[in-house]
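As a plain string of letters, each chain reads:
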Amino acid sequence: MQNDIEEICLSCQADIEKALTHQLSEYQVIRAGRANPHILDKIFIDYYGAPTPLNQMASITVPEARVLAISVWDASQVKNVIKAIAASDIGITPNDDGKIIRLIFPALTEERRRDIVKNVKKLAEDTKIAIRSARRDAMDMLKDLEKEGMISQDEQSAGEKEVQKLIDSAIDKVEDVCKAKEKEIMEV
């Protein structure tokens, strides 16, 4: 009986962790006025017929606060990398000298910072929705166990309280991460 409740809590915790991990990975890609190599994580290049992540075919460094330097290992692919970066939605035009591609991040305007913060808050809200969905699934499983007579109403109630503790903790984490990212973006 108790094992069933623990399994439900563990399942709920796994769903929460997935939602939090997704939020953090999305936040890494968001541009905050500084050069961040993770902004290139979603860029793929057609490398001899296979879509290849940029970070697997080049070294990406941050020589200055607002500059990314991309050193492509296969010099014949520099043009393809430039095309892929230009076609992506990062909003930065690549400059190259034939060997090294430089991405120069312009300073963000106040208006652009506010737009980015809106996106950050939307991602946080989406994460909260995913977490609440995990709660709903766990609560439904607990109700089903109680209906089938596998647990008592008291055990169901205790299980629901345990799930709610997990949810409250996770939503606090989402808020903390969101506030930290918002502060980072609004920093001039």
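Scroll up a little and you will see the structure.
Residues numbered from 1 in each chain as written. Predicted model: local features only at pLDDT ≥ 70, side-chain atom pairs only at ≥ 80, totals over all residues. Heavy atoms only, no water.

**Some remarks on the nonpolar core**
Residues I16, I131 and V163 are the most contacted members of the largest nonpolar core, which totals 30 residues. Elements supplying a minimum of two residues to this core: α1 (2-29), α3 (110-147) and α4 (153-186). Residue contributions to this core peak at 11 residues, all from α3. When near neighbours in sequence (up to four residues on either side) are disregarded, I16 contacts I131, L166, I167 and A170. By size, the runner-up hydrophobic cluster in this structure holds 21 residues, among which are I82, A84, I85 and F105. (Core = buried A, V, L, I, M, F, W, Y, C linked by side-chain atoms within 4.5 Å. Buried < 20%, exposed > 50% of the residue type's maximum accessible area, 1.4 Å probe, protein only. Helix = DSSP H or I, 4+ residues; strand = E, 2+ residues; numbered from the N terminus. Contact = heavy atoms within 4.5 Å.)

**What about the pattern of salt bridges?**
Under the counting rule described, the total for this entry stands at nine salt bridges. Across the pair D126 and K122 runs a salt bridge, and its minimum N-O distance is 3.1 Å. Here the residue D126 and the residue K122 both occupy positions in helix α3, the gap between them amounting to four residues, near one helical turn. Under the relative-accessibility criterion, D126 is labelled partly exposed at 37%. E125 is paired through a salt bridge with R132; the nearest N and O atoms lie 3.4 Å apart. Judged by relative accessible area, which is 34%, E125 ranks as partly exposed. (Salt bridge = Lys/Arg side-chain N within 4 Å of Asp/Glu carboxyl O.)

**Focus: the side chain of E26**
In this structure, E26 sits in helix α1. A distance of 2.7 Å separates a polar atom in the side chain of E26 from a polar atom in the side chain of K42. The contact partners of E26, leaving out residues within four places of it in the chain, are K42 and L123. (Polar contact = N/O pair within 3.5 Å; in protein donor to acceptor, adjacent residues only side chain to side chain.)

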